[in-house]
Amino acid sequence: MAKITYIEHNGTVHEIDVKPGMTVMEGARDNGVPGIDADCGGACACSTCHVYVAPEWVDRLPAKDPMEEDMLDFAWQPDPERSRLTCQIKVTPELDGLVVKLPERQI
């Protein structure tokens, strides 16, 4: 398991053990983390699982592919460096300790 920390916009912290092979979005959805809507179910066809990755993790994640880059254009206040779609981050043991902050809202 990898411990992923989800921080809501209001500061509420959710530390969740997520099974490798799942996505960061699935970990949030399956554990009732508010603020990850995941309207498309993880198909990278919306931006409702948008988060801001903690600065120390940005360079440790796989690069964004073009489809994710395109969908982030529709996210609420995207940050060019830190914004990611959680449906596109596959959990591995190396992601143990990952911290993501949820935006004020999803659109």
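Because the structure is predicted, anything quoted here is derived from the model rather than measured.

About the thresholds
Residues numbered from 1 in each chain as written. Predicted model: local features only at pLDDT ≥ 70, side-chain atom pairs only at ≥ 80, totals over all residues. Heavy atoms only, no water. Salt bridge = Lys/Arg side-chain N within 4 Å of Asp/Glu carboxyl O. Helix = DSSP H or I, 4+ residues; strand = E, 2+ residues; numbered from the N terminus. Buried < 20%, exposed > 50% of the residue type's maximum accessible area, 1.4 Å probe, protein only. Phe/Tyr/Trp six-rings, centres within 6.5 Å; stacked < 30°, edge-to-face > 60°. Lys NZ or Arg CZ within 6 Å of the ring centre and 35° of its normal. Contact = heavy atoms within 4.5 Å.

(A) Quick look at the pattern of salt bridges. Scanning the entire structure with this criterion turns up 3 salt bridges. The salt bridge involving Arg84 is made with Glu68; its shortest N-O contact spans 2.8 Å. Taken together, the positions of Arg84 in strand 4 (residues 83–85) and Glu68 in helix 2 (residues 66–72) put the pair 16 residues apart, joining distant regions of the chain. With respect to burial, Arg84 and Glu68 carry one shared label: buried.

(B) Geometry of the packing of aromatic side chains. Under the criterion given, the structure shown has 0 aromatic pairs. Its end group placed over the ring of Trp57, Arg60 keeps NZ or CZ at 3.8 Å from the ring centre.

(C) Representation of the side chain of Thr86 within the structure. Relative to the assigned elements, Thr86 resides in the loop between strand 4 and strand 5 (99–101). Under the relative-accessibility criterion, Thr86 is labelled buried at 0%. Residue contacts for Thr86: discarding those within four places in its chain leaves Thr23, Val24, Met25, Ile36, Cys49 and Val51.

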